[in-house]
Every structure is written in structure tokens, then in C-alpha cells.
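Spelled out from the first residue to the last, the chains are:
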Amino acid sequence: MTKQLIRFTKTVLREGGEMTLHEIMDAIKQRWPRRTPTRASLSNVLAKNPDFIILDEVTKESTVSSASKYDTYIWGL
């Protein structure tokens, strides 16, 4: 599953450009709904594979509460 997830993630980033973790997950879910990874497994693949790099860190507002904010990375190849 990990090799397949790496391949899926590379395809998504090549076609869509720079993305956050949530955007990558959404793109994978749209193309391969039965193969959607967990947030933890995708995070591990991105962090441990040297093909993926952190391009930037941004602060996003939570969709649940407008008072809640969180930091996330922008990933690329």
C-alpha cells in the first residue's frame, strides 16, 4: 500500500502543483475513492520520502470554527 500511496501522491502533485495535506487527500479521494489513505499514513509518506519537500508553512482557518486556526505545510516534489 505504501508504494501505491507514494505513486498516487506523486501523480496528484505533478498534475495539481503545490498542495496542503488536506488538498492532497481530497485529490486522492476523488481519483481513487477506495484507496483513500488515513491522514497519519499520508503524513508519514510525505515526511519520510525524500521526493516530497516542504515548500512553505501557512496558517489556515478551521472549517468548523472561525476562531480556530492551525498551521499546515505546502508540499511539492
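The model shown is predicted, which means the values in this text are computed figures rather than measured ones.

So, on to the packing of helix H1 (residues 2-16) against helix H2 (residues 21-31). Interhelical geometry of H1 versus H2 gives an angle of 105° and a closest axis separation of 10 Å. Looking at the two axes, H1 sits roughly perpendicular to H2. The segment H1 lies against H2, with Leu5, Phe8, Thr9, Thr11, Val12, Leu13 and Glu15 engaging Ile24, Ala27, Ile28 and Arg31. Residue composition of the contact of H1 with H2, grouped by class: seven nonpolar, two polar and two charged.

In a regular helix each residue adds 1.5 Å, so 15 residues correspond to 21 Å; H1 covers 21 Å between its end C-alpha atoms and thus fits that length. The set of residues buried in H1 consists of Leu5, Ile6, Phe8, Thr9, Thr11, Val12 and Leu13. Lining the buried residues of H1 we find strand S1 (19-20), H2, helix H3 (39-48) and strand S3 (69-76). Looking one or two residues beyond H1, the residue adopting positive phi is Gly17, at roughly 80°.

A separate point is the packing of aromatic side chains. In this structure the tally under the stated criterion is two aromatic pairs. Taking the centre distance of 3.9 Å and the plane angle of 10° together, the rings of Phe8 and Trp32 count as stacked. Taken as a pair, Phe8 in helix H1 and Trp32 in the loop between H2 and H3 lie far apart in primary sequence, 24 residues in all. Exposure remark for Phe8: the relative accessible area of 7% places this residue in the buried category.

This part is about the pattern of salt bridges. If you walk through the whole model with that rule in mind, you get two salt bridges. One salt bridge in this structure joins Lys10 and Asp51, with 2.6 Å as the shortest N-O distance. Here Lys10, found in helix H1, pairs with Asp51, found in the loop between H3 and strand S2 (53-61); they are 41 residues apart in sequence, far enough to count as distant. Note that Glu15 is salt-bridged to Arg31, the shortest N-O span being 2.4 Å.

Calculation notes
- Residues numbered from 1 in each chain as written.
- Predicted model: local features only at pLDDT ≥ 70, side-chain atom pairs only at ≥ 80, totals over all residues.
- Heavy atoms only, no water.
- Axes fitted to C-alpha atoms, helices over the stretch in contact; angles between N-to-C directions.
- Helix = DSSP H or I, 4+ residues; strand = E, 2+ residues; numbered from the N terminus.
- Parallel < 35°, antiparallel > 145°, perpendicular 65-115°, else oblique.
- Contact = heavy atoms within 4.5 Å.
- Nonpolar A, V, L, I, M, F, W, Y, C, P; charged D, E, K, R; others polar.
- Expected span 1.5 Å × (residues − 1).
- Buried < 20%, exposed > 50% of the residue type's maximum accessible area, 1.4 Å probe, protein only.
- Phe/Tyr/Trp six-rings, centres within 6.5 Å; stacked < 30°, edge-to-face > 60°.
- Salt bridge = Lys/Arg side-chain N within 4 Å of Asp/Glu carboxyl O.

Limitation: the analysis is restricted to geometry and does not speak to function.
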